[in-house]
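# Notes for the structure review
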Amino acid sequence: MKKRKYLILLIFPIIIGCKSKTNLDSIISENKILFIGEDHSVVNPRIFLIENLEQICEQGVKHICMEGFTLRNPQEEKYDYYCFFPWVSAGSKYEDVLLSQKILEINKNLSELAKIKIYNPEEELVEKEIEHLSYYEKLNVRDTETFKFINSLSKKVPKEEKILIFYGYEHGSKKRIKNWKPLGQRLHNARTDFVSINFD
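All values reported here derive from a predicted model rather than from experimental measurement.

### Thoughts on the pairing of strand E2 (residues 61-66)
E2 sits mainly inside the fold: six of its six residues count as buried. The pairing of E2 with strand E4 (residues 162-168) spans five bridges and is parallel. Among the inter-strand pairings, Cys 65 is bridged to a residue of E4, identified as Ile 165. By the bridge criterion, three bridges tie E2 to strand E3 (residues 117-119) in an arrangement that is parallel.

The following block contains the structure:
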């Protein structure tokens, strides 16, 4: 009797836990600075931001600080991309293009003052100046720079406007991680109007 071979494919749904839209509205309304963490190895956090950006902005978020993101206009630029698997940490993911498109779409009908502004808090850092440092020393320098930038920005923007920080999730920790004092701990210790979605 001939033996038959069967392939059994098990599909496990990936469930992403997140706050409800009502809770998100409440969290934003009660705080000036909001931290939403992302994982560089997956695209889900960027998709979450794209899908919820309009709602977030309606609640007063007009300033977004992002780690290594550049706003690009797909209609004005020719894209030369290296291909990366979605789960690797290196390279620009296509979701960056989609996020740029979403921001430009929202901004299209807004006045200059009302538009979403994108910032790279570490723009002034020169990689060569910190390349000799250890892993945690680099993180401390980066988060010191980002902390100063966000504190300064919060004093310049109108009272009713909010700041969203979209960084690697560990940057939002309110507790020290070995020799690293994360951005979340710095903001939590210095302010009463800061919330870290990943650690609250």
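### Focus: the environment of Leu 113
Turning to its location among the elements, Leu 113 is positioned in the loop between helix H3 (94-107) and E3. As for Leu 113 and Lys 62, which are separated by 51 residues in sequence, their C-alpha atoms are 9.3 Å apart.

### Some points on the packing of helix H5 (residues 135-156) against helix H6 (residues 183-190)
Where H5 meets H6, the closest approach of the two axes is 9 Å, and the angle between their N-to-C directions is 40°. When the axes of H5 and H6 are compared, the pair comes out oblique. Considering only the axes of H5 and H6, their crossing is right-handed. On the side of H5, the interface is formed by Asn 140, Asp 143, Thr 144, Thr 146, Phe 147 and Ile 150, while H6 contributes Leu 183, Arg 186, Leu 187 and Ala 190. For the contact of H5 with H6, the class distribution of residues is five nonpolar, three polar and two charged.

Reading the values: rules and limits
- Here the residue index of a chain counts from 1 through its sequence in written order.
- Local features are withheld for residues below a pLDDT of 70 in this predicted model, meaning they are given only at 70 or higher, and side-chain atom pairs are given and counted only at 80 or more; totals for whole chains, interfaces and linings count all residues.
- Derived side-chain values reflect all non-hydrogen atoms in the structure, with water molecules and hydrogen atoms excluded from consideration.
- Relative accessibility under 20% of the residue-type maximum defines a buried residue, over 50% an exposed one, and the middle range a partly exposed one, all with a 1.4 Å probe and only protein chains included.
- Comment: elements are numbered from the N terminus, with helices defined as DSSP H or I runs of at least four residues and strands as E runs of at least two.
- One bridge is not enough; two strands pair if DSSP finds at least two bridges between them.
- Interaxial angles span 0 to 180 degrees and are taken between N-to-C directions of axes, which are lines fitted to C-alpha atoms, for helices over the stretch in contact.
- Here the word oblique covers every angle except those under 35 degrees (roughly parallel), over 145 (roughly antiparallel) and from 65 to 115 (roughly perpendicular).
- Rotating anticlockwise by less than a right angle from the far helix to the near helix defines a left-handed crossing, while the corresponding clockwise rotation defines a right-handed one.
- We call two residues in contact when some of their heavy atoms are within 4.5 Å.
- Asp, Glu, Lys and Arg are counted as charged, while Ala, Val, Leu, Ile, Met, Phe, Trp, Tyr, Cys and Pro are counted as nonpolar; the rest, among them Gly, fall into the polar class.

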